Amino acid sequence: MSDATIMRRRRQAPEYVATPDMAAFTIGRIAITALREEGGLSVEILRRHLARVASGQEDAVASRVSPDMALGALRYIETSLQNKVA
């Protein structure tokens, strides 16, 4: 379970932010931010950055990702990884 789902009361992001295209856009924006700030990239780094934005801890303006977009991308990643394992 991601940090964002632990930190926030369970809520649904609007459906449009959970589409594959929007998730890809959001993950790309976060990846660019993470590479700039940390110099590397991994699934855990992506999750950490997305969780901070989703919970309101990180400046969403810097990455141009809203908390709803981050939450939708986190859920998309979790669903995609569960489907790959199953």
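Preceding this section is the structure that the text describes.
Residues numbered from 1 in each chain as written. Predicted model: local features only at pLDDT ≥ 70, side-chain atom pairs only at ≥ 80, totals over all residues. Heavy atoms only, no water.

Undergrad: Summarise the overall build of the chain; cite the residues concerned and give the values.
TA: Looking only at helices and strands, the chain has 5 helices and 0 strands in total. Each helix (α) and strand (β) of the chain, taken in turn from the N terminus, gives the series α-α-α-α-α. Here the chain holds 86 residues, and 35% of them are scored as buried. By sequence separation, contacts in the chain at least 24 residues apart represent 62% of the contacts at least 6 residues apart. Here the chain displays about 5,300 Å² of accessible surface, and carbon together with sulfur accounts for 56% of that area. (Helix = DSSP H or I, 4+ residues; strand = E, 2+ residues; numbered from the N terminus. Buried < 20%, exposed > 50% of the residue type's maximum accessible area, 1.4 Å probe, protein only. Contact = heavy atoms within 4.5 Å. Areas by Shrake-Rupley, 256 points an atom, 1.4 Å probe, with all protein chains shown as cover.)

Undergrad: Tell me about the environment of Pro67, and name the residues and values.
TA: The residue Pro67 is located in helix α5 (residues 67–85) in this model. Taking C-alpha positions, Pro67 is 6.5 Å from Gly56, a pair spaced 11 residues apart along the chain.

Undergrad: Which residues make up the side chain of His49, and what are the values?
TA: Tracing the chain through its elements places His49 in helix α3 (residues 43–54). Once you skip the residues sitting within four places of it in the chain, His49 turns out to touch Ile30, Ala34, Glu37, Glu38 and Glu58.

Undergrad: Give me the pattern of salt bridges: which residues, what numbers.
TA: Summed over the entire model, instances satisfying the criterion amount to 2 salt bridges. In this structure, Arg48 and Glu38 form a salt bridge, with 2.8 Å as the shortest nitrogen-oxygen distance. Placement of Arg48 in helix α3 and of Glu38 in helix α2 (residues 20–38) is noted, with a sequence separation of 10 residues between them. Classification of Glu38 as partly exposed rests on a relative accessible area of 35%. Arg47 is the salt-bridge partner of Glu44, the closest N and O atoms lying 3.0 Å from each other. A residue pair is termed a helical-turn pair when its members lie 3 or 4 positions apart in one helix, as Glu44 and Arg47 do in helix α3 at 3 residues. Owing to a relative accessible area of 49%, Glu44 belongs among the partly exposed residues under this scheme. On the basis of relative accessible area, Arg47 is assigned to the partly exposed category, the value being 23%. (Salt bridge = Lys/Arg side-chain N within 4 Å of Asp/Glu carboxyl O.)

Undergrad: Let's hear about the side chain of Thr26: which residues, and what values?
TA: Tracing the chain through its elements places Thr26 in helix α2. The exposure class assigned to Thr26 is buried, which follows from its relative accessible area of 0%. Here Thr26 is in contact with Leu50, Val65, Met69, Ala70 and Ala73, once residues within four sequence places are set aside.

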